[in-house]
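Coordinate analysis (summary)
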Amino acid sequence: MSPPPANDPDILIADTSGQQMSGQLVIASVSGVFVLAELQSRKGGWWLISGDDMREPVRVDPALDVEVWANVSGVVREKP
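Residues numbered from 1 in each chain as written. Predicted model: local features only at pLDDT ≥ 70, side-chain atom pairs only at ≥ 80, totals over all residues. Heavy atoms only, no water.

Before going further, it helps to spend a moment on the nonpolar core. Generally speaking, nonpolar side chains in soluble globular proteins are found buried as a group. In this structure, Val26, Ala28, Ala37, Leu39, Leu48 and Val66 together form the largest nonpolar core, which totals 6 residues. Only strand E2 (24-30) and strand E3 (33-42) provide two or more residues apiece to this core. (Core = buried A, V, L, I, M, F, W, Y, C linked by side-chain atoms within 4.5 Å. Buried < 20%, exposed > 50% of the residue type's maximum accessible area, 1.4 Å probe, protein only. Helix = DSSP H or I, 4+ residues; strand = E, 2+ residues; numbered from the N terminus.)

Shown next, in the form of structure tokens:
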């Protein structure tokens, strides 16, 4: 499941206390930059998968400055 396209006024609802599960959208920190990605369990570890096919998967590893910050539990979108 890829993240929906973001629109400027969109607001993400984030849950920092939930447990991560494969296939879930998460907000993560990658070298200090927050990203929205799908979390997947692969090759014995957790990976961040971008909705952009141009970006390589990123392994979640605090030693590499890559950490999951929160699970996305909803999106608030303004009606057109």
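What follows covers the pattern of salt bridges. Any two side chains of opposite charge can pair, so long as their charged atoms come close to each other. If you walk through the whole model with that rule in mind, you get 3 salt bridges. Among the salt bridges present, the one from Asp10 reaches Arg77, with a minimum N-O distance of 2.7 Å. Of this pair, Asp10 sits in the segment before strand E1 (11-15) while Arg77 sits in the segment after strand E6 (66-76), and the two are 67 residues apart along the sequence. According to the relative accessible area criterion, Arg77 is partly exposed, its value standing at 43%. The partner of Asp61 in a salt bridge is Arg59, and the shortest N-O contact between them spans 2.9 Å. By relative accessible area, Arg59 is classed as partly exposed at 38%. (Salt bridge = Lys/Arg side-chain N within 4 Å of Asp/Glu carboxyl O.)

The full count for this structure, using the stated rule, is 1 aromatic pair. Arranged with centres 5.9 Å apart and planes meeting at 70 degrees, the rings of Phe34 and Trp69 form a pair that is edge-to-face. Here Phe34, found in strand E3, pairs with Trp69, found in strand E6; they are 35 residues apart in sequence, far enough to count as distant. Given a relative accessible area of 46%, Trp69 falls into the partly exposed group. The ring of Trp47 has Lys43 sitting right over it, with the charged end atom 5.5 Å from the ring centre. (Phe/Tyr/Trp six-rings, centres within 6.5 Å; stacked < 30°, edge-to-face > 60°. Lys NZ or Arg CZ within 6 Å of the ring centre and 35° of its normal.)

Should pLDDT be low for a region, the predicted coordinates there are not to be read in detail. Per-residue confidence for the protein chain averages 87 on the pLDDT scale, and 90% of its residues sit at or above 70. For the protein chain, E1 is the element with the lowest average pLDDT, namely 91, and strand E4 (residues 45-49) is the one with the highest, namely 95. (pLDDT = per-residue confidence, 0-100.)

Here we come to the sheet that holds E1. Spatially, 6 strands are ordered E1-E6-E2-E3-E4-E5 in an open sheet, and the strand pairing comes out antiparallel. Two strands lie at the open edges of the sheet, namely E1 and strand E5 (58-59), each paired on one side alone. With 5 bridges joining them, E1 and E6 adopt antiparallel strand pairing. For Ile13, the partnering residue across the bridge sits in E6 and is Gly74. (Pairing = 2+ DSSP bridges.)

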